[in-house]
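One letter stands for each residue in the lines below.
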Amino acid sequence: MLIFHSDNTRLRQARTELHDGTLVAPFECPERIDLVLKHIQKTAVGEVREPKSYGLDPVLAVHDAGYVNFLADCWHEWVAAGHEGEAIPNIWPARTMRGDRIPHTVSGKLGYYALAAETSITEGTFEAAMASKDVALGATSHTLATGEPSYGLCRPPGHHAAVDQFGGYCFFNNAAVAAQWALNQGKRRVAILDVDFHHGNGTQQIFYERDDVLFISLHGDPEVTFPYYLGYADETGLGSGEGFNVNYPLPPGTSVATWMATLDNALGQIKQTQCDMLIVSLGVDIFEGDPISAFTFKNSDFEILGQRLSSADLPTVLLMEGGYAVDDIGINVVNVLQGFKQGI
Ligand code: OKP
Ligand code: ZN
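Residues numbered from 1 in each chain as written. Chains lettered and ligands numbered in written order. Predicted model: local features only at pLDDT ≥ 70, side-chain atom pairs only at ≥ 80, totals over all residues.

Let's shift gears to the sheet that holds strand β8 (residues 245–250). If you walk across this open sheet you meet the eight strands as β4-β1-β5-β10-β9-β6-β7-β8, and the pairing is parallel. Edge positions in the sheet fall to β4 (48–49) and β8, since each has one partner strand and no second. Sheet analysis places strand β1 (residues 2–4) next to β4, joined by two bridges and oriented parallel. Bridged to Phe4 within β4 is Arg49. (Pairing = 2+ DSSP bridges. Helix = DSSP H or I, 4+ residues; strand = E, 2+ residues; numbered from the N terminus.)

And the structure:
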């Protein structure tokens, strides 16, 4: 299995995250990459490659151009405005105000293009987001060319990023960029299976009215967990997308047995829907020791996850989403990859 990684993903080095009322050191930090890479090298689970640059066109195929320009310019505009600290929104076009205007000032644009306040924009954020989608595209290109599985060590993650909104640590939706790329290269229907603890609201929104991408997500019930306003079971797609969006909200503390039974349903739906490629939004924050999540996976359960994913018997790209800085994230990622290889 080939593994794609870019050192430029380290350029995302925020200092602050607004977490439960306090500015803390961000959970989504460059050390995550080190922990995973270290274990990949130690176990020799696969060869690590650097992707080429694919430019902005694959991003513009799923994201709004004004949004992409905003991300490219935000940090410079923030500095030029004389603000100190990191670019963090503190007002939104909430339900009682107008949502049809995009203000020209950076503070106004921040609220317009943000869906949450925990994710600051800093020097290097845009460059790291570019590297992260290149990692996803490098992995996808390899799988398209060979049929072999690949893993993309994406960071920052992507699944909360919508057509024109960032948040939940995400800027470009790496899995969505990869899926659209695969369709443009000739695939007919791509399944995106999101196993991160948090609902992939961005991926859902991007493909909600389409039948060429099947989005299925297992996640903590949004009634009680981030992102709260999307990810419910009654969201099944719209128009020609009806039936191509499937949410499995699960209560915090859900047993691995229940989670695996739910995964089997999801894999059955992928089979029925006649997809010709699988992209997995692989958040390993379903680990019992994850600092911000509430599922109960142990190290060895990740191997079983990998085996089951390979049973879909499709060209597969696994892309990193969440999974926060505890030593086990390297073990958990490698266990998925090893399980996947065994399963073949
Ligand atoms: C990103 B990914 C915790 C609130 C959660 C944001 C979580 C973003 C998760 N008190 N804050 O899906 O792993
Ligand atoms: Zn997550």
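The subject of this paragraph is the packing of helix α1 (residues 31–43) against helix α10 (residues 328–343). How two helices pack is summed up by the angle between their axes together with the distance between the axes. Packing of α1 against α10 leaves a shortest axis separation of 8 Å and a crossing angle of 50°. It follows from the interaxial angle that α1 and α10 lie oblique. α10 is crossed by α1, and the crossing has right-handed handedness. In this structure, α1 contributes Arg32, Leu35, Val36, Lys38, His39, Ile40 and Thr43 to the contact, and α10 contributes Ile329, Gly330, Ile331, Val333 and Val334. (Axes fitted to C-alpha atoms, helices over the stretch in contact; angles between N-to-C directions. Parallel < 35°, antiparallel > 145°, perpendicular 65-115°, else oblique. Left-handed = near helix turned anticlockwise from the far one by under 90°. Contact = placed C-beta atoms within 7 Å.)

It is worth spelling out the nonpolar core at this point. Of all hydrophobic cores here, the largest spans 97 residues; its most connected members are Ala178, Leu278, Ile279 and Leu319. Broken down by element, this core gets its largest block of residues, nine residues, from helix α5 (residues 125–146). Here Ala178 is in contact with Ala136, Leu137, Thr140, Ile279, Val317 and Leu319, once residues within four sequence places are set aside. (Core = buried A, V, L, I, M, F, W, Y, C linked by C-beta atoms within 7 Å. Buried ≥ 20, exposed ≤ 12 C-beta atoms within 10 Å, placed from the backbone.)

Before going further, it helps to spend a moment on the site of ligand 1. Taken together, 15 residues surround ligand 1, and among them Gly168, Tyr169, His198, Phe226 and Gly322 come closest. Class assignment of the residues belonging to the shell around ligand 1 gives a composition of four nonpolar, six polar and five charged. (Near = placed C-beta within 6 Å. Nonpolar A, V, L, I, M, F, W, Y, C, P; charged D, E, K, R; others polar.)

UniProt's feature table lists "domain: Histone deacetylase" (unreviewed entry) at residues 28–336, given in the numbering used throughout. A helix fraction of 39% and a strand fraction of 11% characterise residues 28–336, whose end C-alpha atoms lie 20 Å from each other. (UniProt positions renumbered as here; feature names shortened; annotations may be inferred.)

Following the sequence through the fold, Pro149 ends up in the loop between α5 and β5 (150–152). Since 26 C-beta atoms lie within 10 Å of it, Pro149 is described here as buried. If sequence neighbours within four positions are ignored, Pro149 has contacts with Met1, Thr143, Thr316, Leu318 and Phe340.

Another point: the confidence of the model for the protein. Averaged over the protein, the pLDDT score is 98; the fraction of residues at 70 or greater is 100%. Our summary of model confidence lists the complex with pTM equal to 0.98 and ipTM equal to 0.97. (pLDDT = per-residue confidence, 0-100.)

This part is about the packing of helix α9 (residues 299–310) against α10. Interaxial distance between α9 and α10 falls to 6 Å at its minimum, and their mutual angle equals 35°. Where α9 crosses over α10, the handedness of that crossing is right-handed. In this structure, α9 contributes Asn299, Phe302, Glu303, Ile304, Leu305, Gly306, Gln307, Leu309 and Ser310 to the contact, and α10 contributes Asp328, Ile331, Asn332, Asn335, Val336, Leu337, Gln338, Gly339, Phe340, Gln342 and Gly343. Counted by class, the contact of α9 with α10 contains eight nonpolar, ten polar and two charged residues.

Now for the environment of Tyr229. Tracing the backbone shows Tyr229 in the loop between β7 (213–220) and β8. Considered as a pair, Tyr229 and Asn201 are 28 residues apart in the sequence and their alpha carbons are 8.7 Å apart.

Below, the discussion takes up the environment of Phe244. Within the fold, Phe244 resides in the loop between β7 and β8. Of the residues examined, Phe244 has 23 C-beta atoms within 10 Å and is grouped as buried. The spacing of Phe244 and Gln338 is 94 residues in sequence and 30 Å in space, taken between C-alpha atoms. Dropping the residues within four chain positions of it, Phe244 is found in contact with Arg210, Asp211, Val213, Leu214, Phe215 and Gly237.

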